[in-house]
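Notes for the structure review
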Amino acid sequence: MKHPTNHYDIIIAGGGHAGVEAAHISAVLGLKTALITLDKNAVARMSCNPAIGGLAKGQIVREIDVLGGLMPRIADLSGLQFKMLNRTKGRSVWSPRAQIDKRKYEHMVRLVLEKLPNLFVFSGEVVDIAERGSRVCGAVLRDGSTVFCRQLILTFGTFLNGLVHVGERKINAGRMGEPESVGITENLIARGFISGRLKTGTPPRVDAKTIDWSKTTPSYGDENPAPFSYLTRNFIPPNIPCHYVKTGSLCHKIIQDNFERSPLFSGDVRGAGPRYCPSIEDKVHRFSHHDSHLLFLEPEWKDSDQIYLNGFSTSLPEDVQIRSLRTVAGFERARFFRPGYAIEYDFFPPAQLHATLESKNIDGLYFAGQINGTSGYEEAAAQGLLAGINASMDIQGKQKLTLARDEAYLGVLVDDLITKDTLEPYRMFTSRAEFRLLLRYSNADKRLIKYASRLGLLSNKHLGFIGKKIDITDSLLREFNHSVSPPEINHTLLKLNQAVINQSTPAKKVLKRPGVSIRSFPRRFFRPITDVAIDDVFRDEIVSEVETTIKYSGYIERQKNQVHQMKKQESYAIPASLDYSSISSLSNEGREKLLFVRPETLGQAMRISGVTPADISILSVYLAKQS
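Presented here is an overview of the structure given in this document. If you're wondering where the values come from, they're calculated on a predicted model, not measured in any experiment.

The rules we used
- Residues numbered from 1 in each chain as written.
- Predicted model: local features only at pLDDT ≥ 70, side-chain atom pairs only at ≥ 80, totals over all residues.
- Heavy atoms only, no water.
- Helix = DSSP H or I, 4+ residues; strand = E, 2+ residues; numbered from the N terminus.
- Rg over C-alpha atoms; globule rule 2.2 N^0.38 Å.
- Buried < 20%, exposed > 50% of the residue type's maximum accessible area, 1.4 Å probe, protein only.
- Contact = heavy atoms within 4.5 Å.
- Areas by Shrake-Rupley, 256 points an atom, 1.4 Å probe, with all protein chains shown as cover.
- Lys, Arg positive; Asp, Glu negative; His and termini not counted.
- Charge placed at Lys NZ, Arg CZ, Asp CG, Glu CD.
- Pairing = 2+ DSSP bridges.
- Axes fitted to C-alpha atoms, helices over the stretch in contact; angles between N-to-C directions.
- Parallel < 35°, antiparallel > 145°, perpendicular 65-115°, else oblique.
- Left-handed = near helix turned anticlockwise from the far one by under 90°.
- Nonpolar A, V, L, I, M, F, W, Y, C, P; charged D, E, K, R; others polar.
- Phe/Tyr/Trp six-rings, centres within 6.5 Å; stacked < 30°, edge-to-face > 60°.
- Salt bridge = Lys/Arg side-chain N within 4 Å of Asp/Glu carboxyl O.
- Expected span 1.5 Å × (residues − 1).

1. Description of the overall build of the chain
The helix and strand tally for the chain stands at 21 helices and 23 strands. A globule of 627 residues ought to have a C-alpha radius of gyration of about 25 Å, and the chain, at 26 Å, matches this closely. Here the chain holds 627 residues, and the buried ones make up 59% of them. Summarising the internal contacts of the chain: among those between residues at least 6 apart in sequence, 73% fall at separations of at least 24. Surface summary for the chain: the accessible area is close to 25,300 Å², and the carbon and sulfur share equals 51%. Considering the chain, the positive charge centre built from 81 side chains and the negative charge centre built from 67 side chains are found 5 Å apart.

As structure tokens, then:
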């Protein structure tokens, strides 16, 4: 489709998950928006695993929902099964995850985008940027035309000079079967940007009809699952099983005998791969003491004949892939729709960005998604959403959105990206968040609703429901300030072999005892949730959130005190024009890193790898003298 005009408020280059969220929020906020992508039919494509959420990623998806994003709502509508991970561990690391019907997901995203009156989606390839002074003013397309804009967001995914590896075979592609994007990297470098090279991979897609399912073990989702979106009502999703099997010694032997045919070991791949999602050959090499590795068989859509083999990501030659896999129980007759492969691509180290994801070099130019060195749909979607919000706020003359590490996993993600070296594809984990007890999936609404309200990111209906849920949670929490009498609770305490109470005691004090559940208390404490109309799924979540808040109150207060100390450092601004080369006492590495990252606050400077505590002390004294 030819675009109807060549002037827009915001242009987004790239139609992956980052591009979709940026385009959606920009249009919803009333900006005239263009989404330019190589293939209109590939918008929102789930090119890797057919799943959304997971460890820390599920928390990010909840945050996306409160900030007006699209992914959570579509995931709830297209999920095949939903599961809360880490239930055996502390509440701070509980993480929702869903298997997704990828065809339905892509279709529903496109339907939403098509209905947005301010959004125009058309095919094209952005190969350069147009700028006036030090500000972006447009995107230059492959055909030589320029489409003008006030803000430009680059979300190229793995397409920048993409190179696919299947054993010794190499294919120039953005992903298998789709062309790479050439030119934009070189043009950005010419404008002073620094680029790097990364690698990721994907497993083979197996024909379901060639698998002996009787030799696999089914794995179902939760019976009463939690949705991602606060807008979801009457949540009764399907519970279609995934399955799992284990590799064995013969499989590992075939892989070991062919290490030299893997581009990872032959030196053909220059880009660093994801440490926490290694290929099967990497796992066999690094964990040779393990007799087996789990493989998860994930359907890619409802009644899918194509199975995603999670855990078998590989760039081995296709003949080695099939031979090794056929030694696994159930895969003796397995056939591929497509072999696994590795892909190398260009990225731009995100230390070149502000915390808003706007470039430090060119005003109005934003980077989001895998171009920033991240991996995963959720990390990409969150960045695209943030970039779209901030590009829109800039045009509307409003304060931009930046999130602190204690406010959101998205805040942790961006802060890590702009202060730490991106030596491999970045993947979010709960362990990356030092204040993760404050960043529970179940309190994303309370953490971020003020931003959604101030910036106009949600409809009144959406804001109203979230506000109602927060009010009910607070009311229930106050109920547990009241006392519980011995006859009401002692029978439970006796069953738990705990000391009984001899007089009325604040309920929250009793609830803090190990093993005592909030469900042990009389019905009168639960009036705030029994006297209102609210979906059962959120009623259960409210009860769980109140229990968590009370039981972990001491730890939560401790983390809040740590945050208070951190805020002092975060509020100490560093002038953008500061000449670090003139501070002779800094270490050579510290000076080099500070010159490259150019931190905006002393807190950011402290988190830069290679900047020592001594460097920070010297910098603090220097700033104090200058002020």
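2. Section: the sheet that holds strand 13 (residues 196-202)
One open sheet accounts for four strands, arranged 12-11-20-13; its pairing is antiparallel. The open sheet has two free edges, formed respectively by strand 12 (169-172) and strand 13, since each of these has just one partner strand. Each strand axis lies, on average, 25 degrees off the axis of its neighbour in the sheet, ignoring direction. Alignment of strand 13 against strand 20 (residues 341-347), held across seven bridges, turns out to be antiparallel. The residue bridging Gly-196 from the neighbouring strand is Phe-347, located in strand 20.

3. Focus on the packing of helix 2 (residues 57-66) against helix 10 (residues 377-396)
Remark: helix 2 packs on helix 10, axes separated minimally by 9 Å, with the N-to-C direction vectors making an angle of 30 degrees. Relative to helix 10, the element helix 2 is oriented roughly parallel. The interaxial crossing formed by helix 2 with helix 10 has left-handed handedness. Residues Lys-57, Ile-60, Val-61 and Ile-64 of helix 2 lie in contact with helix 10, whose contacting residues are Glu-378, Glu-379, Ala-381, Ala-382 and Leu-385. Split by residue class, the contact of helix 2 with helix 10 holds six nonpolar, no polar and three charged.

4. Some details on the environment of Leu-463
Of note, Leu-463 is situated in helix 13 (residues 460-479). Counting along the chain gives 13 residues from Leu-463 to Lys-450, while the straight-line C-alpha distance between them is 9.9 Å. Leaving out residues up to four positions away in the same chain, Leu-463 has contacts with Ile-449, Ala-452, Ser-453 and Leu-458.

5. Considering the packing of aromatic side chains
In this structure the tally under the stated criterion is 15 aromatic pairs. Note on Phe-480 and Phe-521: the rings are 5.3 Å apart at their centroids and 75 degrees apart in plane angle, and the pair reads as edge-to-face. Of this pair, Phe-480 sits in the loop between helix 13 and strand 22 (483-484) while Phe-521 sits in the loop between helix 15 (507-511) and helix 16 (527-530), placing them 41 residues apart in sequence. Given the relative accessible area of 5%, Phe-521 is considered buried.

6. Observations regarding the pairing of strand 4 (residues 79-85)
Summarising burial for strand 4: five of the seven residues are buried, a large majority. Pairing of strand 4 with strand 5 (residues 95-100) involves six bridges; the strand directions are antiparallel. Looking at strand 5, one finds that Gln-81 is bridged to Gln-99.

7. With respect to unusual backbone geometry
Excluding glycine, a negative phi dihedral is what most residues carry, and trans is how most peptide bonds are arranged. Despite not being glycine, Asn-234 shows a phi value in the positive range, around 45 degrees. You can see Asn-234 is positioned in the loop between strand 15 (217-219) and strand 16 (242-246). A residue is classified by how much of its surface remains accessible, and Asn-234, at 64% relative accessible area, is exposed. At Asp-303, a position not held by glycine, the phi torsion is positive, near 55 degrees. The exposed category is assigned to Asp-303, whose relative accessible area is 69%.

8. Description of the pattern of salt bridges
For the structure shown, the criterion picks out 42 salt bridges. Measuring nitrogen to oxygen at the nearest pair gives 3.3 Å for the salt bridge that ties Asp-394 to Arg-135. Placement of the pair is Asp-394 in helix 10 and Arg-135 in strand 8 (residues 135-141), with a sequence separation of 259 residues. By relative accessible area, Asp-394 is classed as partly exposed at 25%. The exposure class of Arg-135 is partly exposed, given its relative accessible area of 30%.

9. Description of helix 13
Taking 1.5 Å per residue, 20 residues should reach 28 Å; helix 13 reaches 28 Å between its end C-alpha atoms and fits that length. For helix 13, the complete set of buried residues consists of His-462, Leu-463, Phe-465, Ile-466, Lys-469, Ile-470, Ile-472, Thr-473, Leu-476 and Glu-479. Considering only its buried residues, helix 13 is in contact with helix 2, helix 12 (444-455), helix 16 and helix 17 (536-551).

10. Comments concerning the environment of Tyr-426
Relative to the assigned elements, Tyr-426 resides in the loop between helix 11 (409-419) and helix 12. In this structure Tyr-426 comes out as buried when scored by relative accessible area, which is 8%. For Tyr-426, the contacting residues outside a window of four places in its chain are Gly-373, Thr-374, Ser-375, Glu-379, Val-412, Leu-413, Asp-416, Leu-417 and Arg-432.

11. Things to note about the sheet that holds strand 19 (residues 336-338)
Taking strand neighbours across the sheet as the criterion, the six strands line up as 15-16-17-18-14-19 in an open arrangement whose pairing is antiparallel. A strand with exactly one partner marks an edge of an open sheet, and here the two such strands are strand 15 and strand 19. Taken over all neighbouring pairs, the strand axes of this sheet differ in orientation by 35 degrees on average, direction set aside. Of the pairings in the sheet, the one linking strand 17 (residues 294-299) to strand 18 (residues 306-310) comprises four bridges and is antiparallel in character. Pairing of Glu-298 across the sheet is with Tyr-308, part of strand 18. Contacting strand 14 (205-207), strand 17, strand 18 and strand 19, helix 9 (residues 318-325) crosses the sheet at an angle of about 145 degrees to strand 19.

Any functional reading would require information beyond the geometric quantities listed.
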